[in-house]
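Observations on the model geometry
Listed below are the residues making up each chain.
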Amino acid sequence: MNLKKIKIFVMDVDGTLTDGKIYITDGGEFMKAFHVKDGYGIKKLKDKNIIPIVITGRQSEIVKRRCLELGITELYQGISNKKETMEDILRKYKLKYENVLYVGDDENDLECMQLCEVSACPADAISAVQNAVTYKAERKGGEGAIREVIEWMLCYL
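The structure displayed is predicted, hence computed values, not measured ones.

1. A word on the pairing of strand E7 (residues 118-121)
With burial as the criterion, each face of E7 is covered, one bearing Val118 and Ala120 and the other bearing Ser119 and Cys121. Bridge count for strand E6 (residues 100-103) against E7 is 3 bridges, and the pairing is parallel. Bridge pairing in E7 places Leu101 opposite Val118. On the question of chirality, the crossover connecting E6 to the parallel E7 by way of helix H4 (residues 107-115) is right-handed. Strand direction decides the pairing type here: E7 and strand E8 (residues 135-136), joined by 2 bridges, are parallel. From the neighbouring strand, Cys121 faces E8, where its bridge partner is Lys136. For the crossover that starts at E7, traverses helix H5 (residues 127-132) and ends in the parallel E8, the hand is right-handed.

2. Let's talk about the packing of aromatic side chains
The geometry of an aromatic ring pair comes down to the distance between the two centres and the angle between the two planes. Tallying each qualifying case throughout the model produces 2 aromatic pairs. A centroid spacing of 4.5 Å and a plane angle of 15 degrees characterise the contact between Tyr135 and Trp152, whose relative ring orientation is stacked. Of this pair, Tyr135 sits in strand E8 while Trp152 sits in helix H6 (residues 145-154), placing them 17 residues apart in sequence. For the pair formed by Tyr135 and Trp152, the shared burial category is buried. Look at Trp152 and Tyr156: their rings are 5.9 Å apart centre to centre, the planes differ by 65 degrees, and that puts the pair in the edge-to-face class. The class for Tyr156 is partly exposed, based on a relative accessible area of 45%. Taken together, the aromatic side chains of Tyr135, Trp152 and Tyr156 make up a single cluster linked through ring pairs.

Each value, and the rule that gives it
- Residues numbered from 1 in each chain as written.
- Predicted model: local features only at pLDDT ≥ 70, side-chain atom pairs only at ≥ 80, totals over all residues.
- Heavy atoms only, no water.
- Buried < 20%, exposed > 50% of the residue type's maximum accessible area, 1.4 Å probe, protein only.
- Helix = DSSP H or I, 4+ residues; strand = E, 2+ residues; numbered from the N terminus.
- Pairing = 2+ DSSP bridges.
- Right-handed = clockwise from strand over helix to strand, strands pointing away.
- Phe/Tyr/Trp six-rings, centres within 6.5 Å; stacked < 30°, edge-to-face > 60°.

Take a look at the structure:
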(Lines give C-alpha, C1' and ligand atoms only; values in the text may rest on other atoms or scores of the structure.)
Protein backbone atom coordinates (compact mmCIF):
# COMPACT_ATOMS: atom_id res chain seq x y z
CA MET A 1 0.00 0.00 0.00
CA ASN A 2 1.49 3.28 -1.13
CA LEU A 3 -0.68 6.24 -0.19
CA LYS A 4 1.71 8.61 -1.98
CA LYS A 5 0.28 7.27 -5.27
CA ILE A 6 -3.24 8.50 -4.42
CA LYS A 7 -4.46 11.15 -6.87
CA ILE A 8 -8.22 10.80 -6.49
CA PHE A 9 -10.39 10.26 -3.41
CA VAL A 10 -13.75 8.70 -4.28
CA MET A 11 -16.68 8.80 -1.87
CA ASP A 12 -20.13 7.33 -1.75
CA VAL A 13 -22.77 9.57 -0.14
CA ASP A 14 -25.53 7.77 1.77
CA GLY A 15 -24.00 5.99 4.74
CA THR A 16 -20.58 7.52 4.09
CA LEU A 17 -20.85 11.30 3.80
CA THR A 18 -24.23 11.06 5.56
CA ASP A 19 -25.61 8.76 8.22
CA GLY A 20 -27.62 7.00 5.53
CA LYS A 21 -30.94 8.34 6.74
CA ILE A 22 -33.20 10.17 4.32
CA TYR A 23 -35.64 12.54 5.96
CA ILE A 24 -38.86 13.35 4.11
CA THR A 25 -41.06 16.23 5.23
CA ASP A 26 -44.87 16.31 4.99
CA GLY A 27 -44.39 18.44 1.89
CA GLY A 28 -42.30 15.71 0.26
CA GLU A 29 -38.97 17.51 0.63
CA PHE A 30 -35.91 15.35 1.18
CA MET A 31 -33.25 16.21 3.74
CA LYS A 32 -29.83 14.77 4.51
CA ALA A 33 -27.28 15.76 7.14
CA PHE A 34 -23.57 16.22 6.40
CA HIS A 35 -20.82 16.61 8.99
CA VAL A 36 -18.90 19.89 8.77
CA LYS A 37 -15.65 18.12 9.72
CA ASP A 38 -15.89 15.95 6.61
CA GLY A 39 -16.20 19.10 4.53
CA TYR A 40 -13.08 20.60 6.04
CA GLY A 41 -11.20 17.37 5.39
CA ILE A 42 -12.27 17.41 1.74
CA LYS A 43 -10.82 20.91 1.41
CA LYS A 44 -7.53 19.54 2.80
CA LEU A 45 -7.48 17.00 -0.05
CA LYS A 46 -7.59 19.79 -2.56
CA ASP A 47 -4.63 21.46 -0.83
CA LYS A 48 -2.66 18.26 -1.55
CA ASN A 49 -3.82 18.20 -5.20
CA ILE A 50 -5.95 15.11 -4.59
CA ILE A 51 -9.20 15.27 -6.53
CA PRO A 52 -12.33 14.59 -4.45
CA ILE A 53 -14.96 12.67 -6.40
CA VAL A 54 -18.48 11.64 -5.43
CA ILE A 55 -20.19 8.62 -6.98
CA THR A 56 -23.67 7.85 -5.68
CA GLY A 57 -26.54 5.62 -6.69
CA ARG A 58 -29.16 8.19 -5.79
CA GLN A 59 -30.00 11.49 -7.48
CA SER A 60 -30.26 14.46 -5.14
CA GLU A 61 -30.24 18.24 -5.42
CA ILE A 62 -29.02 18.28 -1.80
CA VAL A 63 -25.86 16.37 -2.73
CA LYS A 64 -25.32 18.64 -5.72
CA ARG A 65 -25.52 21.70 -3.45
CA ARG A 66 -23.15 20.22 -0.85
CA CYS A 67 -20.61 19.32 -3.53
CA LEU A 68 -20.84 22.80 -5.00
CA GLU A 69 -20.28 24.28 -1.54
CA LEU A 70 -17.16 22.10 -1.08
CA GLY A 71 -15.81 22.73 -4.58
CA ILE A 72 -16.29 19.12 -5.65
CA THR A 73 -16.63 19.34 -9.43
CA GLU A 74 -16.62 15.60 -10.08
CA LEU A 75 -20.11 14.50 -9.05
CA TYR A 76 -21.74 11.40 -10.52
CA GLN A 77 -25.33 10.77 -9.40
CA GLY A 78 -27.88 8.09 -10.25
CA ILE A 79 -25.08 5.61 -10.96
CA SER A 80 -26.14 1.97 -11.03
CA ASN A 81 -22.75 0.62 -12.16
CA LYS A 82 -20.04 2.40 -10.18
CA LYS A 83 -17.27 0.36 -11.82
CA GLU A 84 -18.15 1.75 -15.27
CA THR A 85 -18.04 5.27 -13.86
CA MET A 86 -14.68 4.57 -12.20
CA GLU A 87 -13.31 3.29 -15.51
CA ASP A 88 -14.41 6.53 -17.21
CA ILE A 89 -12.79 8.62 -14.47
CA LEU A 90 -9.53 6.69 -14.70
CA ARG A 91 -9.45 7.16 -18.48
CA LYS A 92 -10.21 10.87 -18.11
CA TYR A 93 -7.30 11.42 -15.72
CA LYS A 94 -5.04 8.75 -17.26
CA LEU A 95 -4.75 6.99 -13.90
CA LYS A 96 -5.00 3.44 -12.55
CA TYR A 97 -6.83 1.90 -9.61
CA GLU A 98 -3.62 2.19 -7.60
CA ASN A 99 -4.14 5.97 -7.71
CA VAL A 100 -7.57 5.79 -6.07
CA LEU A 101 -8.66 5.76 -2.45
CA TYR A 102 -12.30 4.66 -2.42
CA VAL A 103 -14.61 5.10 0.58
CA GLY A 104 -17.93 3.28 0.65
CA ASP A 105 -20.25 1.42 2.98
CA ASP A 106 -22.44 -1.02 1.06
CA GLU A 107 -22.57 -3.77 -1.57
CA ASN A 108 -22.73 -1.38 -4.52
CA ASP A 109 -19.29 -0.04 -3.53
CA LEU A 110 -17.56 -3.41 -3.09
CA GLU A 111 -16.50 -4.05 -6.67
CA CYS A 112 -14.71 -0.70 -6.95
CA MET A 113 -13.23 -1.03 -3.48
CA GLN A 114 -11.75 -4.41 -4.32
CA LEU A 115 -10.13 -3.02 -7.47
CA CYS A 116 -8.49 -0.12 -5.64
CA GLU A 117 -5.22 -0.66 -3.82
CA VAL A 118 -6.54 1.47 -0.95
CA SER A 119 -10.11 1.51 0.34
CA ALA A 120 -11.85 2.58 3.52
CA CYS A 121 -15.24 2.53 5.17
CA PRO A 122 -17.15 4.05 8.08
CA ALA A 123 -17.47 2.01 11.28
CA ASP A 124 -21.08 1.13 10.46
CA ALA A 125 -20.48 -0.21 6.95
CA ILE A 126 -21.87 -3.65 6.18
CA SER A 127 -19.67 -6.57 7.26
CA ALA A 128 -18.62 -7.52 3.73
CA VAL A 129 -17.26 -4.01 3.18
CA GLN A 130 -15.55 -3.91 6.57
CA ASN A 131 -13.80 -7.18 5.73
CA ALA A 132 -12.61 -5.88 2.33
CA VAL A 133 -11.07 -2.51 3.22
CA THR A 134 -7.58 -1.28 3.96
CA TYR A 135 -8.82 1.06 6.69
CA LYS A 136 -11.97 0.97 8.81
CA ALA A 137 -12.82 4.29 10.45
CA GLU A 138 -13.81 4.43 14.10
CA ARG A 139 -16.49 6.97 13.23
CA LYS A 140 -19.80 6.16 11.60
CA GLY A 141 -21.02 7.50 8.28
CA GLY A 142 -22.14 11.12 8.58
CA GLU A 143 -20.26 11.48 11.86
CA GLY A 144 -16.84 12.46 10.55
CA ALA A 145 -15.76 9.13 9.00
CA ILE A 146 -14.59 10.82 5.80
CA ARG A 147 -12.47 13.30 7.77
CA GLU A 148 -10.96 10.44 9.76
CA VAL A 149 -10.01 8.58 6.57
CA ILE A 150 -8.51 11.75 5.10
CA GLU A 151 -6.45 12.40 8.24
CA TRP A 152 -5.25 8.79 8.20
CA MET A 153 -4.22 9.11 4.55
CA LEU A 154 -2.50 12.47 5.09
CA CYS A 155 -0.29 10.94 7.80
CA TYR A 156 1.39 8.89 5.04
CA LEU A 157 1.89 11.67 2.49
